[in-house]
Amino acid sequence: MFLVNALYLKADWENGFVEESTRDRDFTLEGGEVVQVPMMYADRGFSTFSDDDLVAVELPYKDDSLSMFLIKPIDGNVNGLISEFDADKMNEILGKSINKRLMFTMPKFEVKYKNGEVRKNLELLGVNQMFTDQADLSKMATRNNLAISRVVHKTYITVDEKGTEGAAVTVAGVVTTSLPPRVDFNSPFIFVILEKTHGEMLFMGRISDPR
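Along each chain, residue indices are assigned from 1 in the same order as the chain's sequence is written. In view of the model being predicted, local features appear only for residues whose pLDDT reaches at least 70, and side-chain atom pairs are presented and counted only at 80 or more, with totals across whole chains, interfaces and linings using the full set of residues. Note that the side-chain values use all heavy atoms of the structure and ignore hydrogens as well as water.

**Student:** Please clarify how the overall build of the protein chain should be interpreted in this entry.
**Tutor:** Along its length, the protein chain carries three helices and 13 strands. Across its three principal directions, the C-alpha atoms of the protein chain cover 70 × 35 × 35 Å. Residue contacts are counted whenever heavy atoms from the two residues lie within 4.5 Å of one another. Taking the intrachain contacts of the protein chain between residues at least 6 apart in sequence as the baseline, contacts between residues at least 24 apart amount to 72%. What sets the accessible areas is the Shrake-Rupley method with a 1.4 Å probe; for residues, cover comes only from the shown protein chains. Surface summary for the protein chain: the accessible area is close to 12200 Å², and the carbon and sulfur share equals 49%. Secondary structure elements are defined from DSSP: runs of H or I of at least 4 residues count as helices, runs of E of at least 2 residues count as strands, and each element is numbered from the N terminus.

Here's what the structure looks like:
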């Protein structure tokens, strides 16, 4: 028997991006190479957090229990950010963010991930019985001689002007008075899709090269 775990999310941004504002802009890779990628742009209010180590911006979905957080390291070391990032840091970002107007850019991106070796990871965690003749899968099937032989985990996410797979976008005009701060996600960063009611991180990934 195979055990397949698939995660899929289809959600529209609460406030989308104007497609006509998307254009190729510079994105600096980890090695210093600069490439051109489609970057979305918005000038509006965002919930944002910053400290000596990182900058985070929240992109809420229409379902107000869900948000995507983009987080980039101040020093450019995204691997260092990942190694120290945990639920406590996510809670700090969530609790201390403030609303402010930003000139904001971020790349469109698509992430596909498949791991057919989850069994090894589960066994390292001590989950062993379901892979042996001692497995009890009686609530899944009437046969009593079944065991799990393989576990496959697959995720997919695409982010564009409309959302995470999204539909139509409504746009509100912004009157310019003075130039707001600029936040550009034009170098490697991490993203988290958070279910805010319970603080559950549903997706977490690293964008090193949006191409």
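Having seen it, we continue.
**Student:** What's the story with the nonpolar core in this structure? I'm lost.
**Tutor:** For the purposes of this section, nonpolar cores are sets of buried Ala, Val, Leu, Ile, Met, Phe, Trp, Tyr and Cys residues that join through side-chain atoms within 4.5 Å. A 1.4 Å probe rolled over the protein chains alone gives each residue an accessible area, and that area as a share of the maximum for its type sets the label: buried under 20%, exposed over 50%, partly exposed in between. The biggest cluster of nonpolar side chains holds 32 residues, and the ones touching the most others in it are Leu 59, Met 68, Leu 70, Phe 104 and Met 106. Elements represented by at least two residues in this core include exactly β4 (34–50), β5 (54–60), β6 (66–73), β7 (98–107), β9 (150–159), β12 (189–195) and β13 (200–207). At six residues, β4 tops the list of elements feeding residues into this core. Among all residues touching Leu 70, those that are not within four sequence positions of it are Val 55, Ala 56, Val 57, Leu 59, Phe 104, Met 106, Phe 185, Phe 189, Ile 190 and Phe 191. Within the second largest apolar cluster, 13 residues are counted, among which are Phe 49, Val 78, Phe 85 and Val 192.

**Student:** Is there a simple way to explain empty space enclosed by the protein in this structure?
**Tutor:** If a probe the size of a water molecule is rolled over the atoms, the empty space left behind becomes visible. Here a cavity denotes a set of grid points, spaced 1 Å apart and computed over the protein atoms alone, in which a 1.4 Å probe fits but from which it cannot get out, and a pocket denotes an open set meeting protein on both sides within 12 Å along at least five of seven lines; residues with an atom within 4 Å of a point are reported as lining. Grid points are joined across faces, edges and corners, and a volume is the space filled by probe spheres set on the points. This model, assessed by the stated rule, comprises two cavities of 30 Å³ or more. Here the largest cavity defines a volume of roughly 40 Å³. Ala 87, Met 90, Asn 91, Leu 94, Leu 194, Gly 199 and Met 201 together form the lining of the largest cavity. Ranked by the residues each element gives to the lining of the largest cavity, the list is headed by helix α2 (residues 87–96), at four residues. Its residues assigned to classes, the lining of the largest cavity shows five nonpolar, two polar and no charged. Here the nonpolar group is Ala, Val, Leu, Ile, Met, Phe, Trp, Tyr, Cys and Pro; Asp, Glu, Lys and Arg are the charged ones; every other residue, Gly included, is treated as polar.

**Student:** How should the side chain of Glu 161 be read in this particular structure?
**Tutor:** For Glu 161, the position within the fold is in the loop between β9 and β10 (163–164). Exposure remark for Glu 161: the relative accessible area of 4% places this residue in the buried category. Whenever two N or O atoms come within 3.5 Å, that pair is a polar contact, provided that in protein one can donate a hydrogen and the other can accept it, and provided that, for residues adjacent in sequence, both atoms are side-chain atoms. Side chain to side chain, Glu 161 and Thr 22 meet in a polar contact 2.6 Å long. Polar side-chain contacts of Glu 161 include one of 3.5 Å to the side chain of Lys 108. If we ignore the near neighbours within four places in the chain, the residues touching Glu 161 are Trp 13, Gly 16, Phe 17, Val 18, Glu 19, Thr 22, Met 40 and Lys 108.

**Student:** Explain the pattern of salt bridges to me, please; I cannot follow it from the model alone.
**Tutor:** If charged atoms from side chains of opposite charge come close, those side chains can pair. By definition here, a salt bridge exists when the distance from a side-chain nitrogen of Lys or Arg to a carboxyl oxygen of Asp or Glu is within 4 Å. One pass over the structure, following the stated rule, counts ten salt bridges. Glu 19 is the partner of Lys 162 in a salt bridge, and the nearest nitrogen-oxygen pair spans 2.6 Å. Of this pair, Lys 162 sits in the loop between β9 and β10 while Glu 19 sits in the loop between β2 (11–12) and β3 (23–28), placing them 143 residues apart in sequence. Under the relative-accessibility criterion, Glu 19 is labelled partly exposed at 40%. Linking Lys 108 and Glu 161 is a salt bridge whose minimum nitrogen-to-oxygen distance equals 3.5 Å. Of this pair, Lys 108 sits in the loop between β7 and β8 (109–115) while Glu 161 is found in the loop between β9 and β10, placing the two residues 53 residues apart along the sequence. Its relative accessible area of 30% is what places Lys 108 among the partly exposed residues. In the salt-bridge network here, residues are joined through shared partners; they are Asp 51, Lys 89, Glu 92 and Lys 96.

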